[in-house]
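Here is how the chains run, residue by residue.
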Amino acid sequence: MTKGINTQAVLAMRSSGYYSERTAGARNVINNAQHMVLAALTETPHSPTLRIADFGAADGGTSREMWDKVIGVCRENGDNRQIEIIYTDLASNDFSTLFRMMQGMQGDLKHAYQTHYENVFVHGCGTGFHKQLMADSSLVLGFSATAMHYVSIKPKEIPTHVHSVCADDVSKTAFAQQAAKDWQDILLARASELMPGGRFICLNFGIDESGYYLGNTGGQHMFNQFHKHWKALLENSTITTEEYERATFSQYYRTIDEFCEPFANAESAVRKAGLILKSCHSKLTKCPYEAAFIEAGGVGGKMSNREYADSLIPTMRSWSETVFRTALDGRNEADIDRIVDSFYDAYRDEVARNPAGHAMDYVHIVLDIEKIGG
């Protein structure tokens, strides 16, 4: 195993609102978790300030509707406490778009909750969630969706694929070990931040009981498609072998057992830190872009194959592009743009030729975690 590659300085969702505008699936997943968040808040301590953290929030657009509704319910129920919402992500994140959206300066004004409610304060934290990000025992509710599958260190480049789910055994083991360490670090950091009685709701990409995961739910395999089109660039000498291997996603999809393991033993560091697992289950969310295509009649319907491809590929590109751009580091920007555009164009063209099975279904492992103790 190599020493590891720290990619946190360059990882980011595509900026200027591109990510949240083209990621309807992630928004649907978060909106469907609203009931869990509200239920948890009814059981948390009534602290003077309601402090909430949204970990790995990107530009904040995918969770904005949920937080708007959660704040509205709190106010309707007579909870007039001052509310602090702390959005966290890496230093490379587009925080300026986040702040503009919350204040109604960009995007749909409907859920710009800072314009709707008084005594709601929004802050940003540009440090990764693998570390403690706020003062001890100061957090009432932590929330994270579609974020904590990122490992803090890429343990190695995968020589035969782009993602650990399809990697060789040596690479897969290296990523599994890194992910296990990271998950413990994430939990211990949240244990420090949460006040006794506080909750952490986590909706994380993972592998469900059927072996399904993001983009692999019975149709075309999204990561195999990524790999196929990236490898084609190697085979026609557009990219080098080193660039081919550097397109390794800094991600690991944990199984339910891997998520639950730190809570299984009362003597584990996580349990000793006061965290207990209240519930854990898997959830599959169908691709909204495929659903719209089917509703329009599918092949031969009101939406053309090309229109479907033009709706699907941008949602994949919004979160994956940084991987392929970073793999080309050292080239000039025009060259990188040309290669990356050709990569996604090839995938889009394949979908347009035959849309059958191409979609991006979401598979999440949903955890409700409580901090106990006095």
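Cut-offs used in this document
- Residues numbered from 1 in each chain as written.
- Predicted model: local features only at pLDDT ≥ 70, side-chain atom pairs only at ≥ 80, totals over all residues.
- Heavy atoms only, no water.
- Helix = DSSP H or I, 4+ residues; strand = E, 2+ residues; numbered from the N terminus.
- Rg over C-alpha atoms; globule rule 2.2 N^0.38 Å.
- Buried < 20%, exposed > 50% of the residue type's maximum accessible area, 1.4 Å probe, protein only.
- Expected span 1.5 Å × (residues − 1).
- Contact = heavy atoms within 4.5 Å.
- Polar contact = N/O pair within 3.5 Å; in protein donor to acceptor, adjacent residues only side chain to side chain.
- Core = buried A, V, L, I, M, F, W, Y, C linked by side-chain atoms within 4.5 Å.
- Pairing = 2+ DSSP bridges.
- Right-handed = clockwise from strand over helix to strand, strands pointing away.
- pLDDT = per-residue confidence, 0-100.
- Phe/Tyr/Trp six-rings, centres within 6.5 Å; stacked < 30°, edge-to-face > 60°.
- Axes fitted to C-alpha atoms, helices over the stretch in contact; angles between N-to-C directions.
- Left-handed = near helix turned anticlockwise from the far one by under 90°.
- Nonpolar A, V, L, I, M, F, W, Y, C, P; charged D, E, K, R; others polar.

Along its length, the chain carries 13 helices and 8 strands. For 374 residues, the compact-globule estimate of 2.2 N^0.38 gives 21 Å, and the C-alpha radius of gyration of the chain, at 21 Å, lies within 12% of that figure. Projected onto its principal axes, the C-alpha coordinates of the chain cover approximately 60 × 50 × 40 Å. The 374 residues of the chain split such that 56% are buried.

Here helix α13 (residues 333-353) is 21 residues long and its end C-alpha atoms lie 30 Å apart, about the 30 Å a rise of 1.5 Å per residue gives. Residues D335, I336, I339, V340, F343, Y344, Y347, E350, V351 and A352 constitute the buried set of α13. If you follow the buried residues of α13, they end up packed against α7 (222-235) and α12 (305-327). Two to three positions downstream of the cap, the backbone nitrogen of A334 sits 3.2 Å from a side-chain oxygen, assigning the N-cap of α13 to N332.

Note on placement: H130 falls in the loop between β3 (120-125) and β4 (139-145). From its side chain, H130 meets the backbone oxygen of Y150 in a polar contact 3.2 Å long.

Ranked by size, the top nonpolar core spans 77 residues in total, and within it W67, F143, F223, F226, W230 and F324 carry the most contacts. No other element matches α12, which puts 9 residues into this core. Those residues within four positions of F324 in sequence are excluded, and the remaining contacts are V162, F226, W230, A247, F249, V340, F343 and Y344. Counting residues in hydrophobic clusters, the runner-up holds 25 residues, among them A53, F55, L194 and F263.

Right, let's talk about the pairing of strand β2 (residues 82-88) for a bit. On any regular strand, side chains alternate: one points to one face of the sheet, the next to the other face. Along β2, 6 of the 7 residues are buried, which leaves the element largely enclosed by surrounding structure. Where strand β1 (residues 49-55) meets β2, 7 bridges bridge the pair, whose relative direction is parallel. For T49, the partnering residue across the bridge sits in β2 and is Q82. Since β1 and β2 lie parallel, the crossover through helix α4 (residues 64-76) that links them has a hand, and here it is right-handed.

Topologically, Q103 is positioned in the loop between α5 (95-102) and β3. Taking the relative accessible area as the measure of exposure, Q103 reaches 36% and is therefore partly exposed. For the pair Q103 and Q114, spaced 11 residues apart in sequence, the C-alpha to C-alpha distance is 5.4 Å. Beyond its immediate sequence surroundings of up to four residues, Q103 is in contact with A112, Q114 and T115.

What follows concerns the confidence of the model for the chain. Predicted confidence across the chain gives a mean pLDDT of 93, with 94% of residues reaching 70 or more. In this model, residues 8-20 is a region of pLDDT below 50 whose contacts with residues beyond four sequence positions or in other chains number 47 contacts.

The final tally for this structure, using the stated rule, is 24 aromatic pairs. With a centroid separation of 6.1 Å and 85 degrees between ring planes, the pair formed by F55 and F200 is classed as edge-to-face. Pair noted here: F55 is in strand β1 and F200 is in strand β5 (residues 194-207), with a separation of 145 residues, a long-range link. Per residue, the accessibility class of F55 equals that of F200, and both read buried.

Glancing now at the side chain of H227. Mapping H227 onto the fold places it in helix α7. In this structure the side chain of H227 is engaged in a polar contact, spanning 2.7 Å, whose partner is the side chain of Y244. Filtering out sequence-adjacent residues up to four positions away, H227 remains in contact with T160, H161, V162 and Y244.

On to unusual backbone geometry, then. The backbone of A58 sits at a positive phi, close to 55 degrees, despite the residue not being glycine. Within the secondary structure layout, A58 lies in the loop between β1 and α4. Take A58: its relative accessible area is 5%, and that puts it in the buried class. One non-glycine residue, T146, lies in positive phi territory at about 60 degrees. Take T146: it is sitting in the loop between β4 and α6 (169-193).

Interaxial distance between helix α3 (residues 34-41) and α4 falls to 10 Å at its minimum, and their mutual angle equals 35 degrees. Along this stretch, α3 crosses α4, giving a crossing that reads as right-handed. On the side of α3, the interface is formed by Q34, V37, L38 and L41, while α4 contributes M66, W67, K69, V70, V73 and C74. Looking at side-chain class alone, the contact of α3 with α4 contains 8 nonpolar, 1 polar and 1 charged residues.

Attention now goes to the environment of A352. Its place among the elements puts A352 in helix α13. Taking the C-alpha atoms as reference, A352 lies 46 Å from E370; in sequence the two are 18 residues apart. Setting aside chain neighbours within four positions, we find A352 in contact with N305, R306 and A309.

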